[in-house]
Each structure stands twice: as structure tokens, then as C-alpha cells.
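# Secondary and tertiary structure notes
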Amino acid sequence: MVTVYEKTNGLSRRDLLKRGSIGAMLVISGTAVISPQNAWGLETTALKPETMATLITLARDIYPHDQLADRFYAIAVKGQDGRAAKDAAHKALIEDGIADLNARAGAGGYSGLGWEDDRVALLREIETTPFFQAIRGDLVVSLYNQPELWPIFGYEGESYSKGGYIERGFSDIEWL
């Protein structure tokens, strides 16, 4: 679960430490989404930082992998910000889609829903919308095409530079 805290009147170090013990925390500061616990940040250019923070939660709910850190999901959704900077229609699609999702979720918004099952139920309601399809379609490439993740999933990468698969375990299936 990712908890999103918005910087309004500022957060003291004590507030960060108290809130950080709840779970993963993303802080919105200016035009950035920051994870102080895990020492990464994501600066936005076109989309609101709140939108990017929600997209990170959304990405984790669409392709859930407990062993992946939120930074990999942040890298995966960063392309949405770049595309929104170049295409006003895409920016409207993303901002309006997140606004709709937050409205469906109620007072705390989508990221404020504490249970993954509740968030997934909302995603099932919108899974045929152009917004959901745009996010899901991009994520399947932008998430799984990160070479740093490949060892986590047991993928060795392309085979050509290593002599191909025929001589490197092609028929080593021991579980069959």
C-alpha cells in the first residue's frame, strides 16, 4: 500500500518519521513525488504530482508484484508525464481519468483506499475505458522492459549475444 501525503503547511521530520511507520509513503512537494524512506523522487512536468502518485498506486494494482519497489512503478509511469507534455489530449485523458477514479473512491481518493481489493474493484468498473486501456497498455512494456527487474523475474535477457537458447538451457525444463 502506498500512502500519499500532500505538503500543505509542511511536514516536520517528526511527522515524516511517524507517518513513515504506517507503510510506504509518497510525499508531494512542489512538482515532485518523493519517497523519503526509499530515497527516490520523481519530478513532473505536465501532470500534477498528485496524479503521478496515484498512477504509481494504480500501476501497482494493475501489475502487482510485492517484491518490486515503488520506484520501478514510478519509472514505468514517468512516460505518461512525458507524453502528456507533448499531447494535450493525452494529458486530459490522464488527468480526467484520475479525477474520475478519485471521485469513485470517495473522500480519500483512490490512493486513500486502504485495501487493495477495494482499489481493484474500482479498476474493474473502469477497465473498458480509454483511460484504463492507455495506462495498462503502456505499463506492460514500461514496467517489464526495465533490465534491472529481469533477474527478479528470472529472465536473463536476449539470447543472441550469449549464443542463443539452443546451447544454453533450451531443453533444461526439469519441472515438466
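Heads up: the structure comes first, above all this text.
Residues numbered from 1 in each chain as written. Predicted model: local features only at pLDDT ≥ 70, side-chain atom pairs only at ≥ 80, totals over all residues. Heavy atoms only, no water.

### Quick word on the overall build of the protein chain
Counting its secondary structure elements, the protein chain contains eight helices and four strands. Traced from its N-terminal end to its C-terminal end, the protein chain shows the element sequence β-α-β-β-β-α-α-α-α-α-α-α. Long-range contacts, defined as pairs at least 24 residues apart, comprise 50% of the intrachain contacts of the protein chain with a sequence gap of at least 6. For the protein chain, the accessible area works out to roughly 10300 Å², and carbon and sulfur atoms hold 54% of it. (Helix = DSSP H or I, 4+ residues; strand = E, 2+ residues; numbered from the N terminus. Contact = heavy atoms within 4.5 Å. Areas by Shrake-Rupley, 256 points an atom, 1.4 Å probe, with all protein chains shown as cover.)

### Looking at the packing of helix 4 (residues 88–105) against helix 7 (residues 130–142)
The description of two packed helices rests on the angle between their axes and on the distance between the axes. Relative orientation of the contacting elements helix 4 and helix 7 amounts to 110 degrees, with a least axis distance of 9 Å. By the angle between their axes, helix 4 is roughly perpendicular relative to helix 7. Crossing geometry of helix 4 relative to helix 7 is assigned as left-handed. In this structure, helix 4 uses Leu93, Ile94, Gly97 and Ile98 to contact helix 7, whose residues at the interface are Pro130, Phe131, Ala134 and Ile135. Among the residues forming the contact of helix 4 with helix 7, the class breakdown is seven nonpolar, one polar and no charged. (Axes fitted to C-alpha atoms, helices over the stretch in contact; angles between N-to-C directions. Parallel < 35°, antiparallel > 145°, perpendicular 65-115°, else oblique. Left-handed = near helix turned anticlockwise from the far one by under 90°. Nonpolar A, V, L, I, M, F, W, Y, C, P; charged D, E, K, R; others polar.)

### Some words on the packing of aromatic side chains
If you walk through the whole model with that rule in mind, you get three aromatic pairs. Ring centres of Tyr63 and Tyr144 lie 5.5 Å apart, and the angle between their planes is 85 degrees; this geometry places the pair in the edge-to-face category. Of this pair, Tyr63 sits in the loop between helix 2 (49–62) and helix 3 (70–86) while Tyr144 is found in the loop between helix 7 and helix 8 (150–153), placing the two residues 81 residues apart along the sequence. Residue classification places Tyr63 among the buried residues on the basis of a relative accessible area of 15%. On the basis of relative accessible area, Tyr144 is assigned to the partly exposed category, the value being 28%. (Phe/Tyr/Trp six-rings, centres within 6.5 Å; stacked < 30°, edge-to-face > 60°. Buried < 20%, exposed > 50% of the residue type's maximum accessible area, 1.4 Å probe, protein only.)

### Re the nonpolar core
In this structure, Leu55, Ile56, Leu58, Ile62, Leu123, Ile135 and Leu139 are the most contacted members of the largest nonpolar core, which totals 36 residues. In terms of residues, this core owes the most to one element, helix 2, which gives seven residues. (Core = buried A, V, L, I, M, F, W, Y, C linked by side-chain atoms within 4.5 Å.)

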